[in-house]
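Tertiary structure, described
Below are the chains, spelled out letter by letter.
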Amino acid sequence: MGAREADAGSKVTITEIARQAGVSVPTVSRVVNGRSDVSPQTRARVEDLLRRHGYRKRPATPGTRAALLDLVFDDLDSPWAVEIIRGVEEVAHAAGVGTVVSAIHGRSGDAREWMRNLRARASDGVILVTSALDPTLHEELRILGVPLVVVDPAGSPSLDAPTIGAANWSGGLAATEHLLSLGHRRIGLIAGPPRLLCSRARLDGYRAALERAGITPDASLVVTGDFHPESGFTACATLLGLPEPPTALFAASDQMALGAIEALRRRGLRVPQDMSVVGFDDLPEVRWSAPPLTTIRQPLAEMGKLAVRTVLRLTRDEQPDSPRVELGTDLVVRASTAPPA
């Protein structure tokens with residue numbers, strides 16, 4: 001049953017009831033539909049407002065909807081996104097909640113179309129794996145009162161919403177320290193887009209590891225990519241063109257690391273004999289790359305699972321244990337790293 005429905009004779013909408021009760025629209029909808037996942041205090045407050053306004057529930061009809069979450073990405077063309085979807089689906093399915101997956105491609109038109117669809121299907125909650133929504137859509141989400149969780153925020157979230165990310169700084173630190181422990185001193189970095197918080201954190205971790213080892217970071221050894229293989233290929237070619245190329249590379253995503261390995265192969269260089277390579281993510285395919293990739297494991301599926309648990313708590317008007325969560329990252333050593341030749 002839609003969250004904003006009202007009997008034809010009613011003069012008040014569920015949105016107005018939610019505003020007066022200080023709760024979300026889906027919470028009022030759950031009270032109207034007699035669902036149990038609402039606290040007794042909230043239920044009493046909402047029911048009192050429904051009686052005072054003479055709100056009458058529309059009779060149930062075939063096709064009444066189940067609980068529903070929206071999962072929104074910038075793009076879906078990466079195994080990274082698939083891992084998050086896998087985690088979201090596992091927990092949502094176990095909770096009997098449906099999931100609608102959308103991509104807005106960073107375009108305002110696509111974002112507005114998604115918002116129109118969101119209003120039509122009256123989702124119980126939203127998980128954003130993007131910070132690309134413009135301020136007017138942010139405000140509309142707030143007015144609708146739909147519970148919201150942001151995964152891997154691009155920067156300081158403009159919405160007052162819980163965020164779930166990974167320990168990117170410590171991951172960048174661990175990747176670089178691993179290469180330093182093998183004896184490498186000239187270490188290149190293929191960084192992610194600087195507008196993203198995770199990219200800046202991985203870069204800062206890389207610099208911190210070098211400084212701890214008494215090495216002054218060399219700006220010429222840092223080349224920016226976009227997390228996709230092609231940019232890793234191009235960035236690696238740039239680093240190989242330096243008068244003194246690095247002996248090791250830290251790529252801020254597994255896909256850029258795989259692009260870099262292909263660039264090395266085409267130059268007739270071997271990994272790790274001629275160049276060590278470390279990635280970031282631990283996507284399933286990198287354990288089968290040639291050679292298997294040393295990388296930083298980012299708990300992508302776990303981030304998706306926690307996002308669902310958090311947004312479901314919000315739908316019950318329960319607050320999360322912490323508004324900002326960073327899940328740990330781990331170094332996974334495989335065959336793509338070795339001491340310098």
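The structure reproduced in this document is the subject of the present report. (Residues numbered from 1 in each chain as written. Predicted model: local features only at pLDDT ≥ 70, side-chain atom pairs only at ≥ 80, totals over all residues. Heavy atoms only, no water.)

By secondary structure assignment, the location of K305 is in helix α11 (residues 300-315). According to the relative accessible area criterion, K305 is buried, its value standing at 19%. The residues touching K305, leaving out its near neighbours within four places in the chain, are G87, V88, E90 and V91. (Helix = DSSP H or I, 4+ residues; strand = E, 2+ residues; numbered from the N terminus. Buried < 20%, exposed > 50% of the residue type's maximum accessible area, 1.4 Å probe, protein only. Contact = heavy atoms within 4.5 Å.)

End to end, helix α3 (residues 40-52) covers 18 Å across 13 residues, agreeing with the expected 18 Å (1.5 Å per residue, within 8%). Every buried residue of α3 is listed here: T42, R43, V46, L49 and L50. An end-on view of α3 places all buried positions within 135° of arc, on one side of the element. Of the exposed residues in α3, those oriented more than 90 degrees away from the buried face are P40, Q41, R51 and R52. Elements in contact with the buried residues of α3: α1 (14-21) and α2 (25-32). The first or second residue beyond α3 is G54, which carries a positive phi of 65°. (Expected span 1.5 Å × (residues − 1). Arc of directions from axis to C-beta.)

Summarising the element assignment, S123 is placed in the loop between α5 (108-121) and β3 (125-129). A relative accessible area of 1% means that S123 is categorised as buried. Within the structure, S123 has its side chain in polar contact with the side chain of D70 (distance 2.4 Å). If we skip the residues at most four places from it in the chain, S123 touches P26, L68, L69, D70, L118 and V146. (Polar contact = N/O pair within 3.5 Å; in protein donor to acceptor, adjacent residues only side chain to side chain.)

Moving on to the sheet that holds strand β9 (residues 276-281). Strands belonging to one sheet form pairs held by backbone hydrogen bonds; the direction of such a pair is parallel or antiparallel. Reading across from one edge, β7-β6-β8-β9-β10-β12 is the order of the 6 strands in this open sheet, with mixed pairing throughout. Looking at strand neighbours, the two that pair on one side only are β7 (222-224) and β12 (330-332), the edges of this open sheet. On average, each strand axis in the sheet is tilted by 20° relative to the strand beside it, whichever way the strands run. Note that strand β6 (residues 187-191) and β7 share 3 bridges and pair parallel. By the bridge assignment, A191 is partnered in β7 with T224. Here helix α7 (residues 168-181) sits on the sheet and contacts β6, β8 (248-251), β9, β10 (294-297) and β12; the angle it forms with β9, its principal contact strand, is near 165°. Contacts from helix α9 (residues 229-240) reach β6, β7 and β8, with the element oriented near 150° to β6. (Pairing = 2+ DSSP bridges. Axes fitted to C-alpha atoms, helices over the stretch in contact; angles between N-to-C directions.)

At a closest axis distance of 7 Å, the pairing of α7 and helix α8 (residues 197-212) adopts a crossing angle of 40°. With respect to α8, the axis of α7 lies oblique. When the axes of α7 and α8 are compared, the crossing they make is right-handed. Contacts from N168, W169, G172, L173, T176, E177 and L180 of α7 reach α8 at C198, A201, R202, D204, G205, Y206, A208, A209, L210 and R212. Residue classes in the contact of α7 with α8 are distributed as 9 nonpolar, 4 polar and 4 charged. (Parallel < 35°, antiparallel > 145°, perpendicular 65-115°, else oblique. Left-handed = near helix turned anticlockwise from the far one by under 90°. Nonpolar A, V, L, I, M, F, W, Y, C, P; charged D, E, K, R; others polar.)

So, about unusual backbone geometry. Between V271 and P272 the backbone carries a cis peptide bond, its omega angle lying at 10°. Cis geometry marks the peptide bond from A290 to P291, where omega comes out at 0°. Structurally, P291 is set in the loop between β9 and β10. Non-glycine residue F227 carries a positive phi angle of around 80°. Classification of F227 as buried rests on a relative accessible area of 19%. Although it is not a glycine, D281 sits at a positive phi angle of roughly 140°.

What follows covers α7. Taking 1.5 Å as the rise per residue, α7 with 14 residues should run 20 Å; its terminal C-alpha atoms sit 20 Å apart, in good agreement. Along α7, the positions that sit buried rather than exposed are N168, G171, G172, L173, A175, T176, H178, L179 and L180. Directly beyond the C-terminal end of α7, a positive phi value near 110° is found at G183.

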